[in-house]
Amino acid sequence: MSKSIQFKGYALVDPSNWSDLQVREFKPKNFEPEDVEIAITHCGVCGSDLHTVTQGWGESKLPLVVGHEIVGTVTRVGDKVSEFKPGDRVGVGAQIGSCLSCKRCKMDYENYCQESIETYNGEYPDGVVTQGGYSTAIRAHERFVFPIPDKIESRDAASMLCAGLTVFSPLKTYGAGPGKTVGIMGIGGLGHYAVLFAKALGAEVYAFTHDATKVNDIKKMGADHVINTSENKDFHKDLSGQLDIIISTRDTYSPQTPLGDYLSMLFVHGKFISVGIPNADNPLPQIHPFDLMPNGALIGGSHIGSKKECLEMLRVAAEKGVKPWIEELPMKEAGTALRNLHDNKVRYRYVLSQDLA
Amino acid sequence: MTSTLLRAYIISCVGDLWSSKTPLPFAPKIPLAPTNHRFSCGMATKAVQFKGYALTDPSKWNDLQVIEFTPKVFEPEDVEIAITHCGVCGSDVHTLTQGWGESKLPLVVGHEIVGTVTRVGDKVTEFKIGDRVGVGAQRGSCLQCRECKDDYENYCPRSINTYNSQYPDGVVAQGGYSTAIRVHERFTLPIPDEIESRHAASMMCAGLTVYSPLKTHGAGPGKKVGIMGIGGLGHYAILWAKAMGAEVYAFTHDESKVEDIKKMGADHVVNTSDKEFHKDLARTLDILLSTRDVFGDSTPLGDYLSMLYVHGRFVTVGIPDADDTLPPLHAFDLVPNGCLMGGSKIGSKKECLEMLELARSKSIKPWIEELPMREVGKALRNLKNNAVRYRYVVKQDIA
């Protein structure tokens, strides 16, 4: 029997002061036989956290603890848990539940289940609100808990569980690997992981940024080519028909965003995959079929990844020594982290260390 | 942004400067005596006169006048074809009405061509005089780029369209509402004996344009394919998708087509006038092929995309007028099922040969209406008003 855990976290209480998070106790999920309880040590700060607390994605529940890039130690397991035992180092990402019985769940597409439950701002069937990882602890069904390989430190693993997985999934799905050319637009938390993983998978990488101050870092991350899109407005012309996949991490668009120019960089049947999700009132620029004809290109979306993909990502990370570029802060400074993320100041992902318990 | 892309697209079609409005090397005139052709291969056949029904005045877009025109300069890889049949395509309407932009004048359209070979150049290996052949919407490409070498010549950045474009030497490409055409052998298709010319004609564009994405995106046994819009292209999509072994959902707003669609073989027919049509089909389809060439301010794209299974593909082959964009799209529409939305442009010769073999082996016949070529104006008007069931084919009557 281990010391019982108090569930408390840094919560949004007043949306007009979205970076001023207050410590609140909260009611955790009702513990069930398939559940794992985790004492949290680290949590990454994701763009989703920001879109949620600012209410950009819609009205959130209140009070709300966000955070879905969680690493910690198992403190308790239910009777039916077979994968984990107390003391294991594990992680949780952006999804904490699904129906487990539909075609998608059975085909290792549980991230696309229609009854998917999000790690925070969601609700269990019994009405308990899901609270996230800027907190002391979390309970999760073992299907949504990931074992962390010994070779990967907790502070590095944390942000792999949403940022890393969210780009790893489309890279893998659309065939990034030797002989393929991958473009990555926007080199922030997700974008920098896309550079690291695309290289680890063996692809040739073009990184696109509007920020000159990031260029040297991006080369050190391993990108084969770095294109500064604010310096070179015609950047797409030299790359016409060159890329097999583009991963776009942009989470804002204007009606003038030259989506057609980006698409023109794809080879035949190439794919432009958006992992960035803008605010609800921010649609993609208008598209005409003329934009898609010249190369039969496709525009797609992608939603986190499955456990199967996550385990593979962690294996690749361990094998190839993939280390993210993080900045660490104590969890009490979550508000600072969110504000800096809002202003694009992070290089390249914040990870918070739990300091409440 | 869209007008820039439109310009770029037109440039790729034209193969020459958008700004160049050089006078054309001929003027519309009454048919004259036949021009003599000299043959380098030494085989004598009756000389071909190049004449066709042409657009001369865009304000009367379907009132076509017979003109003579200068054909492509004959080269060693070329095949000359005496045209017997030509299908009437939506592209012809969009071009003549100037909906896709200003066209060249005078202009002979038509790119679903079948006829008989009358002459072959010295380097031609695939064809001989008397062969029955077809030509579709593309008549040239660079043949050297990565796309051309990968059997993606339909995506060559220097592709030449069968009409309303220009050869590098300046000769305007004129289409198949005419007596004859000269085409590089790479863009000439052999028609299997078992397929009649009047049936093969519209396979050259309509058939190929839907076959290519069906093949590319995996239509086959175990797959569910939706087809939106059952006209010329849409009806071919049903015929091919069934022949390829897929389960087919046909979507139409036109109740009068439902019986025909069942006879074509569709497993399910959905009437889209019911605004909730997509709800029972959430996350069902692997491929959704849209032939719509009019969107206006209509059903949100998200409703269509919601019918796709995980990583399913919505592919549009219909190309609306330049000012008619797709309905608005938010990233939220693409994320719940990780779906994709794409385009497709005709098909390659490799795909065309596969398609013809499928048609031959399964005895697939399109649903056509035939008219003499002099009545092509009526066909165009009816097509614009959605009155065709399901493709017009006109028979050459000038020579």
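If you're wondering where the values come from, they're calculated on a predicted model, not measured in any experiment.

Let's talk about the overall build of chain B
Part 1 of the reasoning: The helix and strand inventory of chain B stands at 11 helices and 19 strands.
Part 2 of the reasoning: Partitioning the intrachain contacts of chain B with sequence separation of at least 6 by distance along the chain shows that 73% fall at a separation of at least 24.
Part 3 of the reasoning: As displayed, chain B offers around 15,500 Å² of accessible surface, 51% of which is attributable to carbon and sulfur atoms.

Concerning helix α5 (residues 189-200) of chain A
All names here are of chain A.
Part 1 of the reasoning: Under the 1.5 Å per step criterion, the end-to-end length of α5 is 17 Å for 12 residues, consistent within 8% with the ideal 16 Å.
Part 2 of the reasoning: Of all the 12 residues making up α5, 11 are buried; the element is thus mostly covered by neighbouring parts of the structure.
Part 3 of the reasoning: Within the span of α5, buried status applies to Gly189, Leu190, Gly191, His192, Tyr193, Ala194, Val195, Leu196, Phe197, Ala198 and Ala200.
Part 4 of the reasoning: Backbone geometry just after α5 places Gly202 at a positive phi near 100°.

Looking at the pattern of salt bridges
Part 1 of the reasoning: According to the stated counting rule, one finds 41 salt bridges over all chains in the structure shown.
Part 2 of the reasoning: The closest approach of N and O atoms between Glu37 of chain A and Arg76 of chain A, which form a salt bridge, is 3.7 Å. You can see Glu37 of chain A sitting in strand β3 (residues 35-44) and its partner Arg76 of chain A sitting in strand β4 (residues 70-77), a full 39 residues away along the chain.
Part 3 of the reasoning: For Glu37 of chain A, a relative accessible area of 5% corresponds to the buried category.
Part 4 of the reasoning: Overall, Arg76 of chain A belongs to the partly exposed group, its relative accessible area being 36%.
Part 5 of the reasoning: In this structure, the salt-bridge partner of Glu247 of chain B is Lys224 of chain B, at a minimum N-O distance of 3.7 Å.

Observations concerning the packing of aromatic side chains
Any two aromatic rings considered together are summarised by their centre-to-centre distance and by the angle between their planes.
All names here are of chain A.
Part 1 of the reasoning: Taken as a whole and judged by the stated rule, the model has 19 aromatic pairs over all chains.
Part 2 of the reasoning: When the ring of Tyr262 is compared with that of Phe272, the centres are 6.3 Å apart and the planes differ by 5°; the resulting orientation is stacked. Of this pair, Tyr262 sits in helix α7 (residues 259-264) while Phe272 sits in strand β14 (residues 266-274); the two residues are 10 residues apart in sequence, bridging distant segments of the chain.
Part 3 of the reasoning: Relative accessible area serves as the criterion here: at 6%, Tyr262 is assigned to the buried category.

Observations regarding the domain arrangement of chain B
Residues and elements named next belong to chain B.
Part 1 of the reasoning: Here chain B is partitioned into domain 1 (50-205 + 347-395) and domain 2 (207-343).
Part 2 of the reasoning: On the side of domain 2, 28 residues touch domain 1, which itself brings 24 residues to the contact.
Part 3 of the reasoning: Summing both sides of the interface, domain 1 and domain 2 together bury roughly 2,300 Å²; the carbon and sulfur share of this comes to 58%.
Part 4 of the reasoning: The interface formed by domain 1 and domain 2 includes 2 salt bridges.
Part 5 of the reasoning: The partner of Lys215 in a salt bridge is Glu354, and the shortest N-O contact between them spans 2.8 Å.

A closer look at the UniProt feature "domain: Enoyl reductase (ER)" (unreviewed entry) in chain A
Part 1 of the reasoning: Under the local residue numbering, the UniProt record ascribes the feature "domain: Enoyl reductase (ER)" (unreviewed entry) to residues 16-352 of chain A.
Part 2 of the reasoning: Taken end to end, residues 16-352 of chain A comprises 23% helix and 24% strand; its first and last C-alpha atoms sit 23 Å apart.

Section: helix α10 (residues 349-361) of chain B
Part 1 of the reasoning: If you check α10 of chain B, its first and last C-alpha atoms are 18 Å apart, about what 13 residues at 1.5 Å a residue would give, namely 18 Å.
Part 2 of the reasoning: Phi for Ser363 of chain B, located one or two positions after α10 of chain B, is positive at around 50°.

Some details on the interface of chain B and chain A
Interfaces are often sized by the amount of accessible area the parts lose when they come together.
Part 1 of the reasoning: Of the residues lining the interface, 45 residues belong to chain B; the matching set on chain A comes to 47 residues.
Part 2 of the reasoning: Of the roughly 4,100 Å² buried where chain B meets chain A, counting both sides, 69% is carbon and sulfur surface.
Part 3 of the reasoning: Linking chain B with chain A are 1 salt bridge.
Part 4 of the reasoning: At the level of elements, α1 (2-14), α3 (146-149), β16 (308-316), α9 (331-334) and β17 (340-343) of chain B are the ones that each hand at least two residues to the side of chain B that touches chain A.
Part 5 of the reasoning: Per element, the largest residue contribution to the side of chain B that touches chain A is 6 residues, and it comes from β16 of chain B.
Part 6 of the reasoning: Classifying every residue of the side of chain B that touches chain A gives 24 nonpolar, 13 polar and 8 charged.
Part 7 of the reasoning: Taken together, the 3 bridges between strand β15 (residues 298-301) of chain A and β17 of chain B define a ladder with antiparallel strand orientation. Each residue of the ladder has a partner; that of Leu298 of chain A, found in β17 of chain B, is Gly342 of chain B.

Rules used in this analysis
- Residues numbered from 1 in each chain as written.
- Chains lettered and ligands numbered in written order.
- Predicted model: local features only at pLDDT ≥ 70, side-chain atom pairs only at ≥ 80, totals over all residues.
- Heavy atoms only, no water.
- Helix = DSSP H or I, 4+ residues; strand = E, 2+ residues; numbered from the N terminus.
- Contact = heavy atoms within 4.5 Å.
- Areas by Shrake-Rupley, 256 points an atom, 1.4 Å probe, with all protein chains shown as cover.
- Expected span 1.5 Å × (residues − 1).
- Buried < 20%, exposed > 50% of the residue type's maximum accessible area, 1.4 Å probe, protein only.
- Salt bridge = Lys/Arg side-chain N within 4 Å of Asp/Glu carboxyl O.
- Phe/Tyr/Trp six-rings, centres within 6.5 Å; stacked < 30°, edge-to-face > 60°.
- Domains from an automatic or database assignment.
- Buried area = accessible area lost by both parts, 1.4 Å probe.
- UniProt positions renumbered as here; feature names shortened; annotations may be inferred.
- Nonpolar A, V, L, I, M, F, W, Y, C, P; charged D, E, K, R; others polar.
- Pairing = 2+ DSSP bridges.

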